[in-house]
Structures are given as structure tokens and as C-alpha cells.
Amino acid sequence: MRRPSSRTNGSLRAPALMKEAAASRRSASRCRLEIEGELDGCRADELLRACRQALRGGTRDLILDSSLATGLTSSGVGVLVRMWQEMTRHGGRIAMIELSPALRVIVELTRLERVLEVHDSLESLERAWARPSSGESR
């Protein structure tokens, strides 16, 4: 799948808060942000601003593509939790996809997978979000 064009902000590639192309095109309220490098304090603030901008633009499903992410600091963990809170407060969903083994360990140790959906691929996430909800909110 060809990724949409993006502007690069250091280690965060915020795809101009575009609506996801190709497989996710079905929903105009879906946005995919790519995290590149370490998600530290500086990049965490950028990511939170991008999340808020996406919400203002009508996004309800936020996908964090972590395939190029190399690390996650405590500031990054904190902002991911805040993003989850904001998305759910507005009736949205947030998920991380394509985590490296090192990043997956951090997510598991910090128990982020209890609030964020974590999937191996976009296809796995698409299947999960296509299933009817069991009434449980995350």
C-alpha cells in the first residue's frame, strides 16, 4: 500500500492529518499518523497537537503507525494515555499498529495495551474494527 504524502516534523510524520488512503478509505473520519524515531517529550507534544487537530477535523478513528518508532519515554506514554482519553471522550477510537519488538515490550510493561488497541498490522486492526462491538468501551 502506498502511503499518503506527509510532512516530516523530526521524528513525527503527521500526514497533514489526511484521511487514510486505500484500505481505510471507507471511513472519512479515520486518520493515520506515523511515529518515526523515539516518542519523547518534544515529539509527544507534537503528537498530541496532531491528535487534537484531527479531532477538530472530524476524525473519530485514530491509527498510530509505529512501524518506524524506535522508543517510547514516560512523556510519550503519558501523551498516549491523554490521547486515548480525548478520543474516547469524543466517541472515538485509537489504536497502535506495527510495533517493533522493542516498542511492544515497552507497551506491555507500561500496560498501555489495556487502554490502547494494539495490532500487528493495519489489516488486523481493520478486521477488529469491522466486528460488531460487544458493548464494551475501551
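A. Region of the structure containing the pairing of strand β4 (residues 61–72). For β4, a buried count of 9 out of 12 residues is recorded, marking the element as mostly surrounded by other parts of the structure. Summarising the sheet, strand β3 (residues 30–39) and β4 pair through 9 bridges and their orientation is parallel. Note on β4: the bridge partner recorded for E34 is D65. Assessed by its sense of winding, the connection that carries the chain from β3 through helix α1 (residues 41–56) to β4 is right-handed. Pairing between β4 and strand β5 (residues 93–97): 5 bridges, direction parallel. By the bridge assignment for β5, L62 is matched with I94. Each parallel crossover has a hand, and for β4 linked through helix α2 (residues 74–89) to β5 it is right-handed.

B. Representation of the pairing of β5 in the model. Of all 5 residues making up β5, 4 are buried, and the element is well covered by its neighbours. Relative to strand β6 (residues 117–119), β5 runs parallel, the two being bridged by 3 bridges. Following the sheet pairing, I97 is matched in β6 by H119. Viewed along the sheet, the connection from β5 through helix α3 (residues 101–109) into β6 turns out right-handed.

Conventions used here
Residues numbered from 1 in each chain as written. Predicted model: local features only at pLDDT ≥ 70, side-chain atom pairs only at ≥ 80, totals over all residues. Heavy atoms only, no water. Buried < 20%, exposed > 50% of the residue type's maximum accessible area, 1.4 Å probe, protein only. Helix = DSSP H or I, 4+ residues; strand = E, 2+ residues; numbered from the N terminus. Pairing = 2+ DSSP bridges. Right-handed = clockwise from strand over helix to strand, strands pointing away.

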